[in-house]
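The residues making up each chain are set out below.
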Amino acid sequence: MEAGDGHVTDLLGAWALDACDAEEADAVAAHVRGCPSCAREAATLRQAAAALTMLTVRADTDAWLPPPAARVLTAALARRRPAPLVPAFAAPFAAAAGLLESALAEIDETAWGTPSPVRDWTISDLVAHLAATDALLAAAIGIAADPPVDPHQNTVAHSEMVIAHARTRPPAHSRELWRHGVHAIAARLRAEPALASRIVQVGGVEMAVADHLVTRAFETWIHARDIAGVIGLRLPHPLGEHLHAMSGLAARLLDQLCASHAPGLGTPASGGSPAGMVRLTLTGPGGGSWLVRVGATGRAEAAGDAARTPPAAEISLHTVEFCLLVGDRRTPGDLDVAITGDDALGRRLLTLAPALSGP
């Protein structure tokens, strides 16, 4: 559910149970007063919460008794915190934080040191890495830190520094560090929603804050999925609208990557590799169609605004599979993909896609 002053779907359930803090409760109440759709949903949730208080049965008598609501609520909040309240443009960021909270809720003290699929990092290290990368964005939008953080510094180097510090603390410290950063960013965005269009540089990448938030959502989802896989938990995919934002940004960045020689990618496209226009069509929730230029200057555009020149190749695959390819969690050989036209050109694009990923 979106509105001009924010996105409150993830908080409505907590609000219905009186589980929000004072700031969140005031914000949700104000939003509900001006949003008939959210007001109807909130009323339904309030009724459901009231009804649930009647659904505890005593085993010895089969009599229905109200459960200890405070105890149930305390346990629920201890396991999973609600996603932060943010303006609508940052909804993917908040939702991804909620997915990670779901995974972290299943980790006990002994599991924080379990190896993750990333580098030589443990689960605790991986969460500290997310905290470190979020901190670079936080610094770029004016959130002070002690000691100060330079948003332009290398992401991996900063992550290693934060991980080294986190290893001197209890394993779950990295979770609190990450949570603090997420909620600080959310508060900053609520205070100044116009930040969405501000161009900032984070870790050497310059783009609008709204786009940086999509990359943070993408990475948080990927690593939440990594952690869930380690502990045997299956997380749902992001919402279709959030997948669309992620895949659309990936298409635009992939266009920039493929159109020029990027360090570490080997021979530039102009050096004899296939070059031309590729139509990338993603199917399923969050799908869409973009034109990506390989070996030519340009930018990816929605299919409706396509250039007159027909694409030399067309690629079709599922949106989630494309996102996992970009996140380096799939290889081109893993994909159920259809390529028509110039097969070599299409496969070059798929081969380059994982170069967008970080650790």
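You'll find the structure just up there.
The residue numbering used here restarts from 1 in each chain and proceeds along that chain's sequence as written. In view of the model being predicted, local features appear only for residues whose pLDDT reaches at least 70, and side-chain atom pairs are presented and counted only at 80 or more, with totals across whole chains, interfaces and linings using the full set of residues. Water and hydrogen atoms were dropped before computing side-chain values, which therefore reflect all heavy atoms in the structure.

Attention now goes to the environment of C323. Among the structural elements, C323 can be located in helix α11 (residues 319–326). Summary of the burial criterion: residues with accessible area below 20% of their type's maximum are buried, those above 50% are exposed, and those between are partly exposed, where the area comes from a 1.4 Å probe applied to protein chains only. Judged by relative accessible area, which is 1%, C323 ranks as buried. Linking C323 and F218, residues 105 residues apart in sequence, is a C-alpha distance of 8.4 Å. Numbering of helices and strands starts at the N terminus; helices are DSSP runs of H or I of at least 4 residues and strands are runs of E of at least 2.

A packed helix pair is summarised by two numbers, namely the angle formed by the two axes and the spacing between the axes. Helix axes use the C-alpha atoms of the stretch in contact, all axes being lines fitted to C-alpha atoms, and the angles between their N-to-C directions lie in the range 0 to 180 degrees. Contact pair helix α5 (residues 91–104) / helix α8 (residues 173–191): the axes reach a minimum separation of 11 Å and the direction vectors enclose 160°. Considered as vectors, α5 and α8 are oriented roughly antiparallel to each other. Judged by the twist between their axes, the crossing of α5 over α8 is left-handed. Packed against α5, whose contacting residues are F93, A97, L100, E101 and L104, the element α8 presents R175, W178, R179, V182 and I185 at the interface. Polarity classes work like this: nonpolar for Ala, Val, Leu, Ile, Met, Phe, Trp, Tyr, Cys and Pro, charged for Asp, Glu, Lys and Arg, and polar for all others, with Gly in that last group. Broken down by class, the residue content of the contact of α5 with α8 amounts to 7 nonpolar, no polar and 3 charged. Any angle that is under 35 degrees is reported as roughly parallel, and any over 145 degrees as roughly antiparallel; angles of 65 to 115 degrees are reported as roughly perpendicular and all others as oblique. Crossing handedness is defined as follows: a turn of the near helix away from the far one that is anticlockwise and smaller than a right angle gives a left-handed crossing, while the clockwise case is right-handed. Residue contacts follow a heavy-atom distance rule, with two residues in contact if any of their heavy atoms lie within 4.5 Å.

For the pair helix α6 (residues 123–140) and helix α7 (residues 155–166), interaxial distance at closest approach is 8 Å and the crossing angle is 125°. One element, α6, and the other, α7, form an angle in the oblique class. As α6 runs across α7, the sense of the crossing is right-handed. Within the contact between the two elements, α6 uses D125, A128, H129, A132, T133, A135 and L136 and α7 uses T155, H158, S159, V162, I163 and A166. For the contact of α6 with α7, the residue count by class is 7 nonpolar, 5 polar and 1 charged.

It is worth spelling out the nonpolar core at this point. Nonpolar core, defined: a set of buried Ala, Val, Leu, Ile, Met, Phe, Trp, Tyr and Cys residues in which side-chain atoms within 4.5 Å join the residues together. Counting 44 residues, the largest nonpolar core has L104, W178, I185, L189, L213 and I227 as the members making the most contacts within it. Mapped onto this core, the elements with two or more residues apiece are α5, α6, α7, α8, β5 (199–202) and α9 (209–231). Per-element tally for this core: the top contributor is α6, with 11 residues. Residue contacts for L213: discarding those within four places in its chain leaves F89, A90, F93, L137, I185 and L189. Among the nonpolar cores identified, the runner-up in size contains 38 residues, and L282, L317, C323 and L352 belong to it.

With that out of the way, let us pick up the side chain of S124. Take S124: it is sitting in helix α6. Classification of S124 as buried rests on a relative accessible area of 8%. Excluding its chain neighbours within four sequence positions, the residues that come into contact with S124 are W112, P171 and S174.

With that settled, consider the environment of A184. Tracing the sequence through the fold places A184 in helix α8. Sequence separation between A184 and P84 is 100 residues, and the spatial gap between their C-alpha atoms is 9.6 Å.

This part covers the packing of aromatic side chains. Centres within 6.5 Å make a pair out of two Phe, Tyr or Trp rings, where for Trp the six-membered ring is used; the pair is then stacked when the planes are under 30 degrees apart, edge-to-face when over 60, and tilted otherwise. Applying the stated rule across the entire model yields 1 aromatic pair. Pairing F218 with W221 gives two aromatic rings, centres 5.9 Å apart and planes at 85°, and the pair type is edge-to-face. Note that F218 and W221 are positioned in helix α9 at a spacing of 3 residues, about one turn of the helix. F218 gets classed as buried once you look at its relative accessible area, which sits at 13%.

Right, let's get into α6. How far a helix is expected to stretch is found by multiplying one less than its residue total by 1.5 Å. For α6, spanning 18 residues, the distance from its first C-alpha to its last is 26 Å, which sits close to the expected 26 Å at 1.5 Å a residue. Burial within α6 is extensive, with 17 of its 18 residues counted as buried. Following α6 by one or two positions, G142 adopts a phi angle in the positive range, close to 90°.

Here we come to the side chain of R179. Along the chain, R179 turns up in helix α8. For R179, a relative accessible area of 7% corresponds to the buried category. Under the rule applied, a polar contact is a pair of N or O atoms within 3.5 Å (in protein, one hydrogen donor and one hydrogen acceptor; residues adjacent in sequence only if both atoms are side-chain atoms). Among the polar contacts listed, one links the side chain of R179 to the side chain of E176, at a separation of 3.0 Å.

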